[in-house]
Amino acid sequence: MSSRSRLVAHRALSYGDRTALTSGRKTMVQKLDDAQRSALLARFPQWTHDPVRDAITRQFRFDDFAQAFGFMASVAIVAEKLDHHPEWSNVYNRVDVLLTTHDANGLSERDAKLAEAIEALL
Ligand code: HBI
């Protein structure tokens, strides 16, 4: 790999932009249609639809911070494996999670897969 290619690869990984490493094409992701979205919400009743972001959200409560952080560490590993990442916040024993697909500007099958993986951690 030439020194320029290495620089491009390094920059892409540094800024989280994997386009440069995928021959310049963003992976096209299909946004869920109304029927698919309804099925997703029925499948995950613990999650709430955010119509503004076209996202699903859930608030998790744990016994203490250590439990909450352990949950976040487990989710982080799964997110990396799926190459799909949550938008989330943590305050002591509380973890608020929002799932949406930036590449699709709304909910996609990737969010269903990540929600399923998160539910399996509980
Ligand atoms: N995570 N939630 C979310 N949405 C995305 O569009 C997204 C992501 N993680 C990685 C990613 N996109 C891209 O880097 C890959 O699809 C190439």
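Just above, that's the structure.
Reading the values: rules and limits
Counting restarts for each chain: residues are numbered from 1 in the order of the written sequence. This being a predicted model, a pLDDT of at least 70 is required before a residue's local features are given, and a value of 80 or more before pairs of side-chain atoms are given or counted; all residues contribute to the totals for chains, interfaces and linings. Only hydrogens and water are set aside; all other atoms, that is, all heavy atoms of the structure, feed into the side-chain values. Two rings from Phe, Tyr or Trp (for Trp, the six-membered ring) form a pair when their centres sit within 6.5 Å of each other. Planes less than 30 degrees apart are called stacked, planes more than 60 degrees apart edge-to-face, and all others tilted. Only DSSP runs of H or I covering at least 4 residues are called helices, and only runs of E covering at least 2 are called strands; the numbering of each starts at the N terminus. The rule is simple: take the accessible area with a 1.4 Å probe, protein chains only, and divide by the maximum for that residue type; under 20% is buried, over 50% is exposed, in between is partly exposed. Salt-bridge detection follows one rule: a side-chain nitrogen of Lys or Arg within 4 Å of a carboxyl oxygen of Asp or Glu. We call a residue near a molecule or strand when any one of its heavy atoms sits within 4 Å of it. Under this definition, polar contacts are N or O atom pairs within 3.5 Å; protein pairs additionally need one hydrogen-donor-capable and one acceptor-capable atom, and for neighbouring residues in sequence, both atoms have to be side-chain atoms. The protein chains shown are the only cover counted for residues, whose accessible areas, like all others here, come from Shrake-Rupley with a 1.4 Å probe. Gly counts as polar in this scheme, as do all residues outside two lists: the nonpolar Ala, Val, Leu, Ile, Met, Phe, Trp, Tyr, Cys and Pro, and the charged Asp, Glu, Lys and Arg.

Here we take up the packing of aromatic side chains. Describing an aromatic ring pair means giving the distance of the ring centres and the angle of the ring planes. Applying the stated rule across the entire model yields five aromatic pairs. Judged by centre distance (5.9 Å) and plane angle (75 degrees), the rings of Trp47 and Phe60 are edge-to-face. With a gap of 13 residues between them, Trp47 in the loop between helix H2 (34–43) and strand E1 (48–50) and Phe60 in strand E2 (residues 55–61) connect regions that are remote in the sequence. With 4.9 Å between their ring centres and 35 degrees between their planes, Phe62 and Phe71 make a pair best called tilted. Given the relative accessible area of 17%, Phe62 is considered buried. Exposure remark for Phe71: the relative accessible area of 6% places this residue in the buried category. Taken together, the aromatic side chains of Trp47, Phe60, Phe62 and Phe71 make up a single cluster linked through ring pairs.

Inspection of the entire model under this criterion finds nine salt bridges. Measuring nitrogen to oxygen at the nearest pair gives 2.6 Å for the salt bridge that ties Arg58 to Glu119. In this pair, Arg58 sits in strand E2 while Glu119 sits in helix H4 (residues 109–121), placing the two residues 61 residues apart along the sequence. The class of Glu119 is buried, set by a relative accessible area of 17%.

The next point concerns the site of the ligand. Surrounding the ligand, one finds nine residues, the nearest of these being His85, Thr100, His102, Asp103 and Arg110. In the model, a nitrogen atom of the ligand is placed 2.9 Å from a nitrogen or oxygen of the Thr100 main chain. For the ligand, whose accessible area on its own is 400 Å², the fraction buried by protein is 91%. When grouped by side-chain class, the residues that make up the shell around the ligand number no nonpolar, five polar and four charged.

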